Each structure stands twice: as structure tokens, then as C-alpha cells.
Amino acid sequence: MHFKSILYTLFFCFLFFSCKEEKKQASEHKFTNSLIEETSPYLLQHAHNPVNWRGWSNTALEDAKKEDKLVLVSIGYSSCHWCHVMEKESFEDESVAEIMNKNFINIKVDREERPDVDQVYMTALQLIKGSGGWPLNVITLPNGKPIYGGTYHTKEEWSQVLEKVSSLYKNDPKKANEYADMVAQGIQEANLITPSNNYETLTKEAVNESVKNWSNSWDTENGGDQLQQKFMLPSNLNFLLDYAILTGDTDVKKHIKNTLNKIAYGGIYDFVGGGFYRYSTDPNWKVPHFEKMLYDNAQLISIYAKAYSIFKEPIYKEIVYTTISFIERDMKNPNGGYYAAIDADSEGEEGKYYVWKKEELEQTLGNEFDLFKSYFTIEPENIWEHQNYVLHRTITDAEFCSKNKLVNSTLQESKEQWKTLLLKERTKRVPPRLDDKIITSWNALLISGFVDAYKAFGDASFLDHAKNTLKSIKKFSLTNNELRHSYKENSKQSKGFLEDYSFMVDALINLYSASLDTKHLDLANSLNTKAMTSFNDTASGMYRYNENKDLIAQIIKTNDGVIPSPNAIMAQNLLRLGHINYDKTFIEKSKSMVAAMLPMITPNASSYARWNSVLLNTTYTYYEIAVVGTNAKKLSKEIHNTYIPNTLLVGSTEDSKLPLFEGRYTADGTYIYVCRDNSCKLPVATADEAIEQLNGF
């Protein structure tokens, strides 16, 4: 009995303190809405707003219809600075919340979890306002058709918008419905593509014309395009690199190298911790918006690895290695996969974690400060704000050494010391928030980044990173040949979108080419078939962005942004798989997609660069290199060390039924077959001989 009494006492004590703890946690917040049930960091940031937020769901939309209420859809993401500002000014304000709760069904959307919802309403906003951005706030009828769209508003502006739109719907519902129908029709028409099989238009002249048109807007001094704010846009950099090499155009080569250098020297690159911020707020790449996104860093690893293979600039290698170190240190999930983003803000200030006051630098660096000061131009005229400096440089290491009478090895030792001291000091600060979603498409971009780094430098650890990333995606976000868009422990996973499938197929083909492991090719073929079946849009000849048809319009995503067009990647995948499998229908499909896009590519190359990359593959000679024999991995690695655009390199260490290898395996040696248009040179035994054949084909 005594023992039972102790057990009962312990049980009731536990119950009492558990209830007490729950009450304490509840009392810490005056308000709690249904977003508390979500796992998205962005949605959880709004879980204690006085607004009755709900996540995107059919139930929320059905309730709007039942109650005949307008729907307010507010879209953002966890590292969005102005999203935080609007939350603090408006969504945490009880008077604003009262208006919202009374008149609207309020839905919060994480654009990184539901990019399909974001793209539908971003298209609406661009139709209504002519431009877009985040936070994206749209007000829709109960059927989801928008009647208002805007971005950031002050509290006063937002209150006025809410009152006016609510009044319009109550007093003139007919007018509201007519306007909403017009916007919805506009969204649908914005996605109209006319299929084409006019392959005669696919010419080198078309590529050249698009580059010529684009070059008129280049910033020849600072790199990139002539804009007040500059995004790095990896698809553009990738295309221009390939174009410069294939054509030998010295002006393009000069522009792309200058752009890569200016980005590398600018404050948009984090010298201390490695990696890149999201975009530059000025034309000189000096002061960034301090978010760090996985998709930017993944693609820039690829770009700088390729650029190193071409230009052999030491800073490009430095950037690849430090960016990978940053991703491994700060964005890797211990259980596998890589996180989505790191916020721009810490302690309520943008960039506070990353910038430096002169006194901090002097104290941290000691005797090294004078050299550091000269290297990073720490001068009063370069103060950003609040007496802070954003670290940036203006000249190459070679120029700096010459100017300061240093040998390069001494400078490199100093740079490593600076990084170590400053990184140690920086870790004492309050870090920005981390968005710990693992997004499939962005991790696929990273797999390709790791593979490209492996090809350029031969570092086996990079290939291991690629394989391990794929392993985690297969574990958490692939079931029965179906991808999920994102993963977080205990999250509700949504179906994968076209970008998840197309980017993953691209990554698998790249990984197969580097590793020669056919299981990666098998999965690429399987996922490509799934994408072609589930996302096919017969009317346009393209592929829909999402598999479901429950939104007000279908999105056919064709233009590039900070990530490439998933349709352009599909076209590229079809071209490459067509060559690997000798499937002419795939190659024809790829060509028809590019032909349909040509009217948009030629005048708007900066928005359709990935399509231009496929156009390069189609109009310039496309080579197949097959390495067959027991020594295929070694020879493939040697060939990969030279970057050769418009080339598909595959290999096999054993007898294979794949068309590129069939009948070519022999036990007495390893041979390289260089082919184009189903015509092959005589097999050779060394990488140098194969590259010589390419140059003389």
C-alpha cells in the first residue's frame, strides 16, 4: 500500500505541474490562432497574432462561401524583412485585427510551402498593379478570385484598404464579381502558350539576336544588368558562360567574367562566414539584403565551379569551398538534407549579425587591422548606416599584393586569420532565425552544385555530399515514385510540384554522369515519366506547375527568376534523356517546347536564359562522350576537369545494354567514344585524345 501511495502522489504531482506549465505557456501569449498547429516557421511566427489566421485549406475556403465572407490571403516567407515589418505594424495590432476578423476569412500562406498558391496570386498582383513582391496580400471573393492585390502597407494604408474593399463587396457585389472574373481571366491568359513544331526557327542566329538585344541593358562597369537593385540570377550567368565558350564572343566573355568578379568582391558575398546573401540593394553589389537562401548558394556553387574550370581564377575556387563550408556548417540538418533559409534580421535589425563597426574590427583583429582596413576599404565614406561597415573589396588579390608589396601566400594566411577571428567573434552575437524546412527542389539544385564542384576540383567529399543529399530526399520526401515538396518533422507534406520533379531529374542525370551509378539514371527516368504524365498540359504543349487543379487558374511556369523555369529544365531533361536512351520522341518534344518559347526568348533573354541554354544545346553541336571499361571512372573524372558545354558525358565500368554503351565493352581496356548526330570518332584511350577529338570534330 505504501508503494501505491507513492505512485499516486507522484502521478498527481506530475498532473498538477503539467497543467500548471500548460497554463503558464498559454498565459505567455494574449492571443493564439490556428497557425499554432502548423510546422512552417513563417506560419508559426504569426500564431500569436490577434488575427484569426488559418492555413491554406479547402475547409477555410468552404467556410468563406458558407459565411459569404471575403478571403484575405497574405503570403510571405520566414526570411522576408518587410513581412516582419507588416506583421509588427498591422497584424499584431488589435484594432486592425478586429477589422480583419469581422469582415474576412484570413489565410496565411508560406510561399515556400505552397509556391503554386503564391504564383497564382502573384500573377494577379502583377495584372492589378504592374509589379509584385512580398508580403503579397490579396483579397478574394469566397470563390478565390481576387478583387484586390498589394504588397507592404503601413497600418493606416492597410486599414483603409480593408474598409474600402469590404464596403465594395457589401454595397456592390455585382461590380466586385465582374472585376474578379476579369482578373481571373487575365491570370489564365497570362499562361497561354501556343504550341509549335516550327523547328526552322531554332537557329544560331536566334540565339545571337537574343544576346544582342540583351547586351544593350548590360552594366559594363559593375556587371549584371543596368538596375538599381541587382539579383545574381544564376540561370543568366550559366547561359552566358556557355554562350561565351561556344561562340568565342570576347565581349560576352568579358562581361560574364566582370560580373562574376564584381559579385565576388561585393558585400553580397559573406567574406567571414562564406555564402551569398539574396540580392544587392545598390548597383555596385555592395550592400545586400541579408537573407541567405539555399537556392542562391546551391546554384552559385555550380556557376563558380564552372567558371573556375574556364578562367582558373583563385577567388572562384575560394568561393566554392567557402560557400560549401557555410552550407555544411549553418544549413545542414543533422538527419540529412539542407534548410531553406536564414533570416536577414536579428534583434529586430536587418544585417545586424553580419556588419561591423570600426572599433569592433580593431579590437578583434589587433595588429592585423591595418592590412584588413586597406583590403576592405574601411574608410568613413564607406560607412553603411549606424556607423556599420559591410565588408567589400574593389581589386584582385594580385593587385592588392602588388600595391602593398606583399607575397600572395602572406595575404592568404592573413585572410584565413581574419576569417577565423571574425567568425569566432560573430558567433557571440544573436543569430538570425533559421527556416528549417527541407525543400526538395532546392536540395536538388544543391545536389547539382555539389556535382559541379566535384567535376571542377575532383574533391571526392563533394560527390559524397551529393549522394548523401539525395539519400535524405529519398528517405523523407519520396514515396512510391512520388515526390513531396518539403519536409519538416511532423509536418503535413504536400505533393511535389513540377519544379521538384524537373530539378530532381536534372540532379540525378548530373549525379549519374559524375558517379556512373545507373541507379541514379533509373530514378531519373522514373521521375521524368511521372512528371510527363502528371503535369502534362496538352493545350500548351508544356507542363503545369501543380498536379492538382483546385486553384482558380492553372500555372504554366515558363520564365526564370531566382530559380530556373521548371518547364525549361523539363525541356533540357528530355533532350539529355533522349540522347542517353536514344529516344527521338523526347528530343522532338524538347525542340517543340523551345520553338513555342522562341517569341519570348529573343526579345527577353534575361527572363528566359534557361530556355536559351536549351536553344544552345539544340542549335550548336551537341556531343556525346561514352567512356566504357573498367577504368571508366578515372577517365571520366579527367574529362570532367575540363568544362565543355553542350556535352553529355556518361560511362560504364561493365557491359551495359544502354544504347550509348552497347557492343562497346571489352575486357582488355577502357575506351572513350566521342560522338555527334549518331556519328562517332574512332575510340581513344586517354582524356586528352578525347578532348582533341572534340576540338577537331
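Residues numbered from 1 in each chain as written. Predicted model: local features only at pLDDT ≥ 70, side-chain atom pairs only at ≥ 80, totals over all residues. Heavy atoms only, no water.

## What about the sheet that holds strand β8 (residues 288–289)?
Item 1. Here three strands make up an open sheet; going across it, the order is β6-β7-β8 and the pairing antiparallel. Strands at the two margins of the open sheet, each flanked by one partner only, are β6 (230–231) and β8. (Pairing = 2+ DSSP bridges. Helix = DSSP H or I, 4+ residues; strand = E, 2+ residues; numbered from the N terminus.)

## Brief notes about the packing of aromatic side chains
Item 1. According to the stated counting rule, one finds 33 aromatic pairs in the structure shown.
Item 2. Residues Y277 and Y354 carry aromatic rings whose centres are separated by 5.0 Å and whose planes lie at 75° to one another, so their mutual orientation is edge-to-face. With Y277 in the loop between α11 (250–265) and β7 (279–280) and Y354 in the loop between β12 (349–350) and β13 (356–357), the pair connects residues that are 77 residues apart, well separated along the chain. Here Y277 and Y354 have matching classes, each one buried. (Phe/Tyr/Trp six-rings, centres within 6.5 Å; stacked < 30°, edge-to-face > 60°. Buried < 20%, exposed > 50% of the residue type's maximum accessible area, 1.4 Å probe, protein only.)

## Topic: the environment of N631
Item 1. Position of N631 among the secondary structure elements: in the loop between β22 (623–628) and α25 (632–640).
Item 2. Sequence-wise, N631 and S652 are 21 residues apart; in three dimensions their C-alpha atoms are separated by 8.9 Å.

## Quick word on the nonpolar core
Item 1. F239, Y304, M504, L527 and W611 are the most contacted members of the largest nonpolar core, which has 135 residues in total.
Item 2. Leaving out residues up to four positions away in the same chain, M504 has contacts with T440, A444, I447, L470, I473, L483, E499 and L527.
Item 3. Core analysis: the next-biggest nonpolar cluster, separate from the first, contains 29 residues, Y42, I147, V161 and Y169 among them. (Core = buried A, V, L, I, M, F, W, Y, C linked by side-chain atoms within 4.5 Å. Contact = heavy atoms within 4.5 Å.)

## Considerations on helix α22 (residues 566–581)
Item 1. Taking 1.5 Å of rise per residue, the 16 residues of α22 would be expected to cover 22 Å, and the 22 Å separating its terminal C-alpha atoms lies within 8% of that figure.
Item 2. Count one or two residues on from α22 and you reach Y582, which has phi positive near 55°. (Expected span 1.5 Å × (residues − 1).)

## Description of unusual backbone geometry
Item 1. Cis geometry marks the peptide bond from W134 to P135; its omega dihedral reads 5°.
Item 2. Structurally, P135 is set in the loop between α6 (115–129) and β4 (136–140).
Item 3. One non-glycine residue, H386, lies in the positive phi region at around 55°.
Item 4. The topology assignment puts H386 in the loop between α15 (369–375) and β14 (388–389).
Item 5. A positive phi angle is found at N481, which is not glycine, with a value near 65°.
Item 6. In this structure, N481 sits in the loop between β17 (478–479) and β18 (482–483).
Item 7. A residue is classified by how much of its surface remains accessible, and N481, at 27% relative accessible area, is partly exposed.

## As for the packing of helix α9 (residues 204–215) against helix α24 (residues 609–619)
Item 1. Close contact between α9 and α24 brings their axes to 9 Å; oriented N to C, the two are set at 150°. By the angle between their axes, α9 is roughly antiparallel relative to α24. Relative to α24, the crossing made by α9 is left-handed. Residues K204, A206, V207 and S210 of α9 pack against N612, L615, L616 and T619 of α24. (Axes fitted to C-alpha atoms, helices over the stretch in contact; angles between N-to-C directions. Parallel < 35°, antiparallel > 145°, perpendicular 65-115°, else oblique. Left-handed = near helix turned anticlockwise from the far one by under 90°.)

## Considering the state of the cysteines
Item 1. A complete count under the given rule lists two disulfides for this structure.
Item 2. Here C80 engages in a disulfide with C83; their sulfurs sit 2.3 Å apart. Classification of the bridge connecting C80 and C83 rests on its S-S torsion, roughly 80°, and on that basis the disulfide is right-handed. The exposure classification of C80 matches that of C83, with both residues buried.
Item 3. Across a sulfur-sulfur distance of 2.0 Å, C675 and C680 are joined as a disulfide pair. The sign of the S-S torsion, about 100°, decides the handedness of the disulfide formed by C675 and C680: right-handed.
Item 4. Counting only the cysteines that form disulfides, in the order they appear in the protein chain, gives the pairing 1-2, 3-4. (Disulfide = S-S within 2.5 Å.)

## Some points on the pattern of salt bridges
Item 1. A complete count under the given rule lists 37 salt bridges for this structure.
Item 2. A salt bridge links E318 to K419, with the shortest nitrogen-to-oxygen separation between them at 3.5 Å. Here E318, found in helix α13 (residues 314–330), pairs with K419, found in helix α17 (residues 408–426); they are 101 residues apart in sequence, far enough to count as distant. Neither residue differs from the other here; E318 and K419 are each classed as buried.
Item 3. Taken together, the salt bridges that share partners define one network made up of E318, R393, D397, K415, E416 and K419. (Salt bridge = Lys/Arg side-chain N within 4 Å of Asp/Glu carboxyl O.)

## Focus: the pairing of strand β5 (residues 146–150)
Item 1. Of all five residues making up β5, five are buried, and the element is well covered by its neighbours.
Item 2. With antiparallel pairing between neighbouring strands as the criterion, β4 and β5 make up a hairpin whose turn holds five residues, including G144 at a positive phi of roughly 90°.

## Focus on the sheet that holds strand β25 (residues 679–680)
Item 1. The four strands lie next to each other as β23-β22-β24-β25, forming an open sheet whose pairing is mixed. Edge positions in the sheet fall to β23 (647–652) and β25, since each has one partner strand and no second.
Item 2. Pairing analysis gives five bridges linking β22 to strand β24 (residues 671–676), with the strands arranged antiparallel. Bridging from a neighbouring strand, E624 pairs with C675 of β24.

All we've got here are geometric facts, nothing functional implied.
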